Amino acid sequence: MSKLLEGLNAEQRTAVTTTEGPLLVIAGAGSGKTRVIVHRIAYLLEQGLARPEQILAVTFTNKAALEMKERVHHLVPPSRRRGELLLSTFHSLCVRILRRHLDRFGGAYTRDFTIYDTDDQGRLVKACLKELGLDEKQYPPRAMQSRISAAKNRGETPETLPPSSDPMRDALSRTFRLYEARLAAANALDFDDLLLLTVRLLHRFEDIAADYNDRFRYILIDEYQDTNPPQFNLVRLLTQQRQNLCVVGDPDQSIYKFRAADIRNILDFEQHYPKAKTIILAQNYRSTKTILDAANAVIQHNRARRKKDLITHNPAGEPICVFVAANAEEEADFVVKEITAWQRRHAHLPSPETRAAVLYRINAQSRLFEEACRRQGVPYVLIGGFSFYERAEIKDVLAYLRLLLNPHDDAAFDRIVNVPPRGIGKATLDILSAHAINNGVSRWTATLQLLEAGRLAARALTALNSFVQLIESLQALVGDTKLAGLVQAVIMRSGYDEMLRQEGTREAESRKQNLNELLAAAAEADERQESLREFLDRAALVADTDNLVDDARITLLTIHSAKGLEFPLVVVAGLEEGLFPHMRAAYNDDDLEEERRLFYVAMTRAKQQLYLTYAERRRVYGEEVLADPSRFLEEIPEALLMDVRQQGVGKLTPPPAAEVNGQHWSHPQPAGTKPVGTATAATGFRVGDRVAHATYGVGQVVRVADGKLDIAFLGKGVKRFVAGAAPLKKIARE
DNA sequence: AAGTGCCCGTTGTTC
DNA sequence: ACGGGCACTT
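Thresholds applied
Residues numbered from 1 in each chain as written. Chains lettered and ligands numbered in written order. Predicted model: local features only at pLDDT ≥ 70, side-chain atom pairs only at ≥ 80, totals over all residues. Heavy atoms only, no water. Helix = DSSP H or I, 4+ residues; strand = E, 2+ residues; numbered from the N terminus. Contact = heavy atoms within 4.5 Å. Areas by Shrake-Rupley, 256 points an atom, 1.4 Å probe, with all protein chains shown as cover. Salt bridge = Lys/Arg side-chain N within 4 Å of Asp/Glu carboxyl O. Buried < 20%, exposed > 50% of the residue type's maximum accessible area, 1.4 Å probe, protein only. Pairing = 2+ DSSP bridges. Axes fitted to C-alpha atoms, helices over the stretch in contact; angles between N-to-C directions. Polar contact = N/O pair within 3.5 Å; in protein donor to acceptor, adjacent residues only side chain to side chain. Phe/Tyr/Trp six-rings, centres within 6.5 Å; stacked < 30°, edge-to-face > 60°. Near = heavy atom within 4 Å. Parallel < 35°, antiparallel > 145°, perpendicular 65-115°, else oblique. Left-handed = near helix turned anticlockwise from the far one by under 90°. Nonpolar A, V, L, I, M, F, W, Y, C, P; charged D, E, K, R; others polar. Core = buried A, V, L, I, M, F, W, Y, C linked by side-chain atoms within 4.5 Å.

K.L.:
Help me get a handle on the overall build of chain A, residues and values and all.
P.N.:
In terms of regular secondary structure, chain A is built from 27 helices and 24 strands. Considering only residue pairs separated by 6 or more positions, chain A has 74% of its internal contacts joining residues 24 or more positions apart. Working note: accessible area of chain A is about 32700 Å², and carbon and sulfur atoms make up 49% of it.

K.L.:
Tell me about the pattern of salt bridges, residues and numbers included.
P.N.:
Tallying each qualifying case throughout the model produces 47 salt bridges. Put simply, Glu-566 and Arg-286 hold a salt bridge, and the shortest N to O gap is 2.7 Å. Taken together, the residues span a long stretch of sequence, with Glu-566 in the loop between α25 (559-562) and β13 (567-572) and Arg-286 in the loop between β8 (277-281) and α13 (289-299) at a distance of 280 residues. Judged by its relative accessible area of 32%, Glu-566 falls in the partly exposed class. Several salt bridges converge on common partners, so that one network encompasses Lys-33, Asp-222, Glu-223, Asp-226 and Lys-563.

K.L.:
Would you mind going over the sheet that holds strand β6 (residues 218-221) in detail, with residue names and values included?
P.N.:
Judged by pairing direction, the sheet is parallel, and its six strands sit side by side in the order β3-β2-β6-β7-β1-β8 without closing on themselves. Of all strands in the sheet, those with a lone pairing partner are β3 (86-89) and β8, marking the two edges. Looking at each pair of strands side by side, their axes are set apart by 15° on average, direction ignored. As defined by bridge partners, strand β2 (residues 55-59) adjoins β3 across four bridges and the pair is classed as parallel. Following the sheet pairing, Thr-59 is matched in β3 by Thr-89.

K.L.:
Before we move on, can you summarise the side chain of Asn-284 with the specific residues and values?
P.N.:
Among the secondary structure elements, Asn-284 is positioned in the loop between β8 and α13. Only 2.7 Å separates the side chain of Asn-284 from the backbone nitrogen of Arg-286, close enough to count as a polar contact.

K.L.:
Provide a residue-level description of the packing of aromatic side chains, including the pertinent values.
P.N.:
By the definition in use, this model includes 13 aromatic pairs. Ring plane angle 85° and centroid distance 5.8 Å describe the contact between Tyr-224 and Phe-269, whose orientation is recorded as edge-to-face. Here the residue Tyr-224 occupies a position in the loop between β6 and α10 (229-238), and Phe-269 occupies one in helix α12 (residues 269-272), the gap between them amounting to 45 residues. Each member of the pair, Tyr-224 as well as Phe-269, is classed as buried.

K.L.:
Give me the lowdown on the protein's contact with DNA strand B, citing residues and values where you can.
P.N.:
Around DNA strand B sit 31 residues in total, of which Arg-361, Asn-363, Gly-425, Ala-543 and Arg-584 are the nearest. Among the atoms of DNA strand B close to the protein, meaning within 4 Å, 52% are from sugar or phosphate groups. Contact between DNA strand B and Arg-142: a phosphate oxygen at 3.2 Å from a side-chain N or O atom of the residue. Residue Asn-363 places a main-chain N or O atom 2.6 Å away from a phosphate oxygen belonging to DNA strand B. Those elements that provide at least two residues to the surface near DNA strand B are α18 (426-439) and α25. Top element by residues in the surface near DNA strand B is α18. It accounts for three residues.

K.L.:
Please set out the pairing of strand β14 (residues 606-620) residue by residue, giving values where relevant.
P.N.:
Taken together, the six bridges between strand β9 (residues 320-327) and β14 define a ladder with parallel strand orientation. Paired with Asn-327 across the strands is Arg-617, a residue of β14. Judged from the five bridges that link them, β13 and β14 form a sheet pairing that is parallel. The residue of β14 that forms the bridge with Leu-569 is Gln-609. Where β14 folds back onto strand β15 (residues 623-626) in an antiparallel hairpin, the turn is made up of two residues, including Tyr-621, whose phi is positive at roughly 50°.

K.L.:
Describe the packing of helix α22 (residues 496-503) against helix α23 (residues 506-527), listing the residues and the values that go with them.
P.N.:
At a minimum axis separation of 8 Å, α22 and α23 run at an interaxial angle of 150°. By the criterion of interaxial angle, the relationship of α22 to α23 is roughly antiparallel. Where α22 crosses over α23, the two elements pack in a sense that is left-handed. Note on element contacts: α23 touches α22 through Ala-508, Arg-511, Lys-512 and Leu-515, opposite Tyr-496, Asp-497, Leu-500, Arg-501 and Glu-503. Its residues assigned to classes, the contact of α22 with α23 comprises four nonpolar, no polar and five charged.

K.L.:
Tell me what's going on with the nonpolar core, and back it up with residues and numbers.
P.N.:
One finds Leu-194, Ile-221 and Leu-238 to be the most contacted residues of the largest nonpolar core, which totals 64 residues. Per element, the largest residue contribution to this core is seven residues, and it comes from helix α7 (residues 167-185). Other than its neighbours up to four places away in sequence, Leu-238 contacts Leu-56, Leu-93, Leu-202, Tyr-212, Asn-213, Phe-216 and Ile-219. Within the second largest apolar cluster, 50 residues are counted, among which are Leu-461, Ala-489, Ile-491 and Tyr-496.

K.L.:
Explain unusual backbone geometry to me, and be specific about the residues and the numbers.
P.N.:
Residue Pro-420 follows Val-419 across a cis peptide bond; omega there is -5°. Residue position: Pro-420 is located in the loop between α17 (410-416) and α18. With an omega of 10°, the peptide bond between Phe-580 and Pro-581 qualifies as cis. Looking at where Pro-581 falls in the secondary structure, it is placed in the loop between β13 and α26 (589-603).

And the structure:
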């Protein structure tokens, strides 16, 4: 028997060695899912079933891909792994394919396309709304953006969304159409396009599809529960010929519905691939029995679910600690203090066994924990939120670099045309933009044409001309100069360095430091002999967790970012109604069940010890609000919990119902009621209506006058809202 | 064209 | 509480 199989349980072995035909591996949290994938790849190589370049494994992050590769290398001797093992995310894979074949479409898109990130997308949507004369108040850019994205992932195109008499739908249709046209004009692809165009490419050109079918004899997909329709279609197209497809995932950990992930992909796998064999990995190797029992108890509250209980032979371990803080600052202080104390108590263990993570629902919570760490002088690593590649100065310099490769990249152009300020003001840019729209050309082309015609104020002409000179002179360096040199040239010649120097603030200093880090990253890319293109692609597709520091003592991150990770000590913070489950998810069963899965993911990150904390008061939008404990806390058997303040677990029972205007209200939302839409105006509200607010919870309209609403919230008094100014949902009676 | 002050929405999760 | 966007000023 192969040494590879030693130490694997019976199910894991079957999953590793069943190499013909489709295979579905339902892997519970901590059941060795990654291990199965790694060993399966190693097995394929060792048995000579495939050469490295014939295997494709798709992971959720690039970091996961790198780790897997290392582990495979550890198991397989070098002689067996000559060739390129392709381990990557769906997005990276698609960029790779498109950079090779996108020209085949022959239309506007070429292989030199630029990738628009969410930020660029937002700018573009805004510009489209403006161009169409649509009011941003009535059609919030962010909402439009996510509707467009959702439509694209459903397979809609501007053609399938015809003009409509409904103003909202019509606005969406028109914005969508213009948005797509502008993307094409800029030779730009958004994140959705990367997947969608790859699917279209393989669908349309059989020879390309055949090539990849030929090449990839074995395909493995990790975190399959979070694949979306385009990803599903891509997998279909890649497995037409051979169905040596192995998907691994856990329906209970599906947490990306908001980005179009469709849990049915995994639930219906056996229907999609009728010859599929299914293996369930139900033994958890990660967590203590206490933690696992609690997680099992919680997830059982989900009704739309295939029953699956995880078991473990691990010891019971310590009870789960629940801490109730008076406010969010106290919560954060307690968490940091408790973590350091726990680590001190376990100082005899090797340091990887005392790593801790603070998990929270929303990024805004991170600030509290950062501040608590700073106050207590404890080093920490923050994941996400304002990560490196999202910083303005980094994006600015990257925008310069993008413009060098693709001057028609309007998003990049807009970003830096007057950064640092070089006298190209609003008036000039309006003319420029109008010219670009009227002539159907990019900003860059419009600039050249305006310069040619000379029909602008002399000052504007000089400024624009020097900008063009700058870009062209930098373009001349591409290819000849090393990346580090190029980045340095951008920072210096653009005047960015000078601008930061003149500011002279601490903030400017730290931005300068960030740019130095970017320089270092460029130098590293030089060592790997990367092209500018590859450098930019990487920058566009880095995941927050890709920069995870493995040996950090304390890591702060959202639960979403924590997917696939594990820590000996985990604190899940902010377990309050309205925050977790989040207000916006509390009104429909599907969203609420996804919140519960999110909590399930959070709990099952913990190996040894789990803390659950919440604050009775928290500042939201600068205002102190009261909060009730999360309903999820009540779903954990009390025997598994310990209140670290010795207040008794009775603390966790829901607060009594309250009276508003003589009517009885229970919090949260009364059962059986449904949201009927977001209020964009006070119209449609009547005195007596039940309404919900993202921050204050359920309330009752007590006055409607002059486009204003007075709403009474339980325990929070009467608040006044201006029409269209607040995220209100009206709740229908019954 | 750039600077100042006020109003408004923000904070839901990410490749 | 805070920053972006806008109107208004210099």
